[in-house]
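Coordinates in review
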Amino acid sequence: MITTKQDIRKLSDDQLKTWLTSHGEQGFRAKQIQEWLWKHSVRTFEEMTNLSLKTRQLLAEHFEVRTLAVSKQQQSADGTIKSSFRLYDGNLVEGVLIPSLRKSEDDRMTACISSQVGCSLTCKFCATGYMDRKRNLEASEMVDQVVAIDRQAKEAYGTGLTNIVYMGMGEPLLNYANMLASVERITSPNGLGMAAKRITVSTAGIAKMIKKLGDDQVKFNLALSLHAANDEKRNQIMPINESNSLPALAEALTYFYQKTGTRVTFEYIVFNNVNDTLDDARELWQFTKKVPAKVNIIEYNPITEADFKNTDPQTLDRFAGFLEDRGVIVNIRRSRGKDIDAACGQLAGKQ
């Protein structure tokens, strides 16, 4: 339900301090309030127990804490948990908890979060790409997904999140300011206190914004949804490539690496008879030479809107082996949560 009250989490520390002093309150209360909101994740002013009743009533009179709620939760046979989150204005986004199945990563708990309601890009293999983009998420709404999924991890597995990936609905770099602000809150000692290197932001490839990440010298990891190292093929499955060609992306990624020293991850979904030949592997190998990178090969997860098919296991292994024989770091990512439409490319805010 939308109200006329201001969302207090949109205020910076200085803005909140100024507001408090203009209403006869002490400025240092701003820090206390922000810690309650971002470090302790409280969602009502009544919970801010080190504030006087008068101060709490004043805040409640002028502000609200806009929250999201779990509208629906599903658990996959493999332990993955998908949540449909209802936002304050009624819109839905989805987030996923992915517990590790690998023995070497027994304690890994990854949250996959969304950055937009829908998406303005039209990647042909992605369910979100068939939706309209309704709006960008606020920084607080991205943080709230992390808080909710962390709670799910503790309840279901007895341990909190270790990693966060911005790989859900939407293109994070088209919501740049809010995405960056959410990372700041997640990593701040006065926020959730997570290490930046535990966070990965995935982009379909917006060259000028990748350069901006470099200029801002971000500390988190960057992943590029590549899926073809050939402009003609990439244009067909990812129309964004028509205005952000592979040469432009290579230049932007090189700039990003020079500014940050962070190796890039290329995400590559293998589609049967589309991008899974040894010629495709050779083109990908050539592209990895342009910037220090590793490659995550991802199984395709079918969606009703498209007729792509996953490549067969032998072709996938041959593709990966070609790259590994040439010194490329390759990880094969098996699909998780496919039975509940929680796997990569399947999120669409469906009820």
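Note that this is a predicted model, so its numbers are computed, not measured. (Residues numbered from 1 in each chain as written. Predicted model: local features only at pLDDT ≥ 70, side-chain atom pairs only at ≥ 80, totals over all residues. Heavy atoms only, no water.)

As for the pattern of salt bridges
Rules: We define a salt bridge as a side-chain nitrogen of Lys or Arg found within 4 Å of a carboxyl oxygen belonging to Asp or Glu. Helix and strand definitions follow DSSP, with helices as H or I runs of at least four residues and strands as E runs of at least two, each counted in order from the N terminus. Throughout, exposure labels follow a simple rule: accessible area from a 1.4 Å probe, protein chains only, divided by the maximum for the residue type, with under 20% read as buried, over 50% as exposed, and the rest as partly exposed.
As enumerated under the stated definition, the model contains 14 salt bridges in all. For Glu25, the salt bridge is made with Lys54, and the minimal N-O distance between the two is 3.3 Å. Here the residue Glu25 occupies a position in the loop between α1 (13-22) and α2 (29-39), and Lys54 occupies one in helix α3 (residues 53-62), the gap between them amounting to 29 residues. The exposed category is assigned to Lys54, whose relative accessible area is 57%. Lys154 serves as the salt-bridge partner of Asp150, at 3.0 Å between the closest nitrogen and oxygen. Of this pair, Asp150 and Lys154 both sit in helix α4 (residues 139-157), separated by 4 residues, roughly a single helical turn. Taking relative accessible area as the criterion, Lys154 reaches 48% and is therefore assigned partly exposed. Three or more residues joined by partner-sharing salt bridges are found here, namely Arg9, Arg43 and Asp144.

Details of the packing of aromatic side chains
In plain terms, the rule: Centres within 6.5 Å are what make two rings of Phe, Tyr or Trp a pair, Trp counting through its six-membered ring; a difference in plane orientation under 30 degrees is then read as stacked, over 60 as edge-to-face, and the rest as tilted.
Tallied over the entire structure, the rule returns 8 aromatic pairs. Centroid distance Trp19 to Phe63: 4.7 Å. Interplanar angle 70°. Geometry classified as edge-to-face. A residue pair is termed long-range when its members are at least 10 positions apart, and Trp19 in helix α1 and Phe63 in strand β2 (residues 63-64) qualify at 44 residues. Taking relative accessible area as the criterion, Phe63 reaches 3% and is therefore assigned buried. Relative to Phe287, the ring of Phe266 lies with its centre 5.3 Å away and its plane at 50°, an arrangement referred to as tilted.

Focus on the side chain of Arg135
To be explicit about the condition: Each polar contact in these results corresponds to two N or O atoms within 3.5 Å; when the atoms are within protein, one needs to be able to donate a hydrogen and the other to accept it, and residues that are neighboring in sequence are counted only if both atoms are side-chain atoms. Working rule for contacts: check all heavy atoms of both residues, and any pair within 4.5 Å makes them a contact.
In this structure, Arg135 sits in strand β8 (residues 135-136). One polar contact links Arg135 to Glu141, side chain to side chain, over a distance of 2.9 Å. Setting aside its immediate chain neighbours within four residues, Arg135 contacts Leu87, Tyr88, Asp89, Asn91, Gln116, Val117 and Glu141.

A look at the state of the cysteines
Between two cysteines, a covalent bond joining their sulfur atoms is known as a disulfide. In plain terms, the rule: To count as a disulfide, a pair of cysteine sulfur atoms needs to be within 2.5 Å.
Scanning all chains against the criterion turns up 0 disulfides. Residue Cys119 stays outside any disulfide, its sulfur separated by 6.6 Å from that of Cys123, the closest cysteine. A disulfide-free cysteine, Cys126 has its sulfur positioned 6.2 Å from the sulfur of Cys123, the nearest such atom.

Section: the domain arrangement of the protein chain
Stated precisely, the cut-off is as follows: Domain segmentation is taken from an automatic or database assignment of domains. Using a 1.4 Å probe, buried area is obtained as the accessible area two parts lose upon being combined, added over both of them.
If you check the domain split of the protein chain, you get domain 1 (6-64) and domain 2 (69-340). Its C-alpha centre places domain 1 at a distance of 35 Å from the equivalent point of domain 2. On the side of domain 2, 10 residues touch domain 1, which itself brings 11 residues to the contact. Where domain 1 abuts domain 2, roughly 920 Å² becomes buried across the two surfaces, and 45% of that area is made up of carbon and sulfur atoms. Sorting the residues of domain 1 by area buried against domain 2 places Arg9, Trp38 and Lys39 first, and these three jointly supply 55% of that buried surface. Applying the counting criterion to the domain 1 and domain 2 interface returns 4 salt bridges. The shortest N-O distance in the salt bridge between Arg9 and Asp144 comes to 2.8 Å. Where domain 1 touches domain 2, the interface holds 3 residue pairs in polar contact (both at pLDDT 80 or more). Considering each element in turn, the side of domain 1 that touches domain 2 owes the most residues, 4 residues, to α2.

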